[in-house]
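# Report on the structure
Next come the chains, spelled out residue by residue.
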Amino acid sequence: MDTLQIELKGISKHFGNIHAVDDITLKIEKGSILSIVGPSGCGKTTLLRLIAGFESPDRGELQIGGSPIWSKDYSMPVQERNIGMIFQDGALFPHLNVKQNIGFAVSENVDSLLNLVGLVGKETSMPHELSGGEQQRVALARSLAANPSTLLLDEPFSNLDIQIRREIRTEVRSILKSYNVTAIFVTHDQQEASEMGDQIAIMKDGAIEQIGNPEEVYVNPQTEFTAKFFSQANLVDGTLQKKTLKTFISETDLSIDKNMNGNMKLVIHPNQLIIESVSDSKKMNGTVRNQIFQGNEYFYTIELENKEIVNVLQSNKQPIEPNTPVKITYTPGKSVICFQEGAQKQFKVNQ
Ligand code: ATP
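Quick summary incoming for the structure in this document. (Residues numbered from 1 in each chain as written. Predicted model: local features only at pLDDT ≥ 70, side-chain atom pairs only at ≥ 80, totals over all residues. Heavy atoms only, no water.)

This brings us to the side chain of Ser125. In this structure, Ser125 sits in the loop between α3 (110–116) and α4 (132–145). Judged by its relative accessible area of 15%, Ser125 falls in the buried class. Apart from residues lying up to four places away in sequence, Ser125 is in contact with Asn97, Val98 and Leu130. (Helix = DSSP H or I, 4+ residues; strand = E, 2+ residues; numbered from the N terminus. Buried < 20%, exposed > 50% of the residue type's maximum accessible area, 1.4 Å probe, protein only. Contact = heavy atoms within 4.5 Å.)

The environment of the ligand is formed by Phe15, Ile18, Ala20, Pro39, Ser40, Gly41, Cys42, Gly43, Lys44, Thr45, Thr46 and Glu155. In the environment of the ligand, an oxygen atom lies 3.0 Å from a nitrogen or oxygen atom belonging to the backbone of Gly43. When the ligand is considered free in solution it has 630 Å² of accessible area, and contact with the protein chains removes 60% of it. Elements with a minimum of two residues in the shell around the ligand: β2 (18–29) and α1 (44–52). Ranked by the residues each element gives to the shell around the ligand, the list is headed by α1, at three residues. (Near = heavy atom within 4 Å. Polar contact = N/O pair within 3.5 Å; in protein donor to acceptor, adjacent residues only side chain to side chain. Areas by Shrake-Rupley, 256 points an atom, 1.4 Å probe, with all protein chains shown as cover.)

Right, let's talk about unusual backbone geometry for a bit. In the Ramachandran plot, Lys243 falls in the positive-phi region, its phi being about 65° despite a non-glycine side chain. Relative to the elements of secondary structure, Lys243 occurs in the loop between β12 (234–241) and β13 (244–247).

Turning to the nonpolar core, a few remarks are in order. Residues Ile102, Leu140, Leu151 and Leu176 are the most contacted members of the largest nonpolar core, which totals 29 residues. Those elements that place two or more of their residues in this core are α2 (98–102), α3, α4, β8 (150–154), α5 (162–179) and β9 (182–187). The leading source of residues in this core is α4, at six residues. With near-sequence residues (within four places) excluded, Leu151 lies in contact with Gly84, Met85, Ile86, Leu140, Ser143, Leu144, Leu176, Val181, Thr182, Ala183 and Ile184. (Core = buried A, V, L, I, M, F, W, Y, C linked by side-chain atoms within 4.5 Å.)

Moving on, we come to α1. With seven of nine residues buried, α1 is to be regarded as a mostly interior element. When α1 is considered as a whole, its buried residues turn out to be Lys44, Thr46, Leu47, Leu48, Leu50, Ile51 and Ala52. Where α1 ends, the next residue or the one after it, Gly53, has phi of about 100°, a positive value.

Just geometry here; none of it tells us what the structure is for.
Given below as structure tokens:
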């Protein structure tokens, strides 16, 4: 398979009794961007450091472009791996200007790189004179100057404010694509992971929970962790009995494609719930606890009467304010995903 750029086979690394990376097997195609997303401490940085060569695995095998870079009896030196790495803080040389930073190791192509990252006119600026976003562009240009086959980006935008983050990630993605560089992008922000990655790997406790394209992972989470962490889905207790699906939110008669019964955790995305404020307390089944404006929509935190918390995303002309009693409804879509005793199951609703 000559389109394969990065391959990890059973890679593990522990520090004392911490299994920072636990038996990871992974393939990344040439020119593709893999986002790795997971909570703090799940092993994302360690995985990048193993690929770059700053750490050695305990076992497994690493290949780049079909050639081994690490195995039980071989370790390719860091400088021969042709891998670029970009960190949170850009790590620019403070005493060198923009142009000197970009051309530090390789002085060809500096002008076209300056143009590519939109810094023409800032050639002589010093790093401290640049905004955080500009510093990260310089770091990107400096990495690309060495023409790496692979680029590893470790939370490169986490020090930037939210507006700039949105802009720069779209730009960086298109730059990486125009260079056809294979990249691994680490973040703990699921939205950033989705926007940057062709594929997404969800990491937990040193292992990969699920890998797939962003839409696949969002609509078809294989574990409760992925559903909650990546899709930010509500996991709501439900019971299916004689084709009636009962949840605390509603009771719905369904015709479904399977003979399924019993208790389950339903995966309900925040945009699958609807809230409306009610004045009649008999009609209420929840109370707004918090609302956050998110561009076109409001992200509501609702406390149900059984004290369960669910999130709702919907657009309102005026936000529904905290402490407002609401009626919350859920209409199952065509396809419902649930977990029974931890195992993912799906049923289709005949409409
Ligand atoms: P974050 O999102 O907070 O950066 P991460 O997912 O990148 O976290 P890692 O930095 O890879 O996580 O750490 C994984 C685990 O390994 C953590 O428990 C961490 O404390 C531990 N660890 C990492 N490096 C070392 C080290 N050099 N010595 C000992 N423990 C380490």
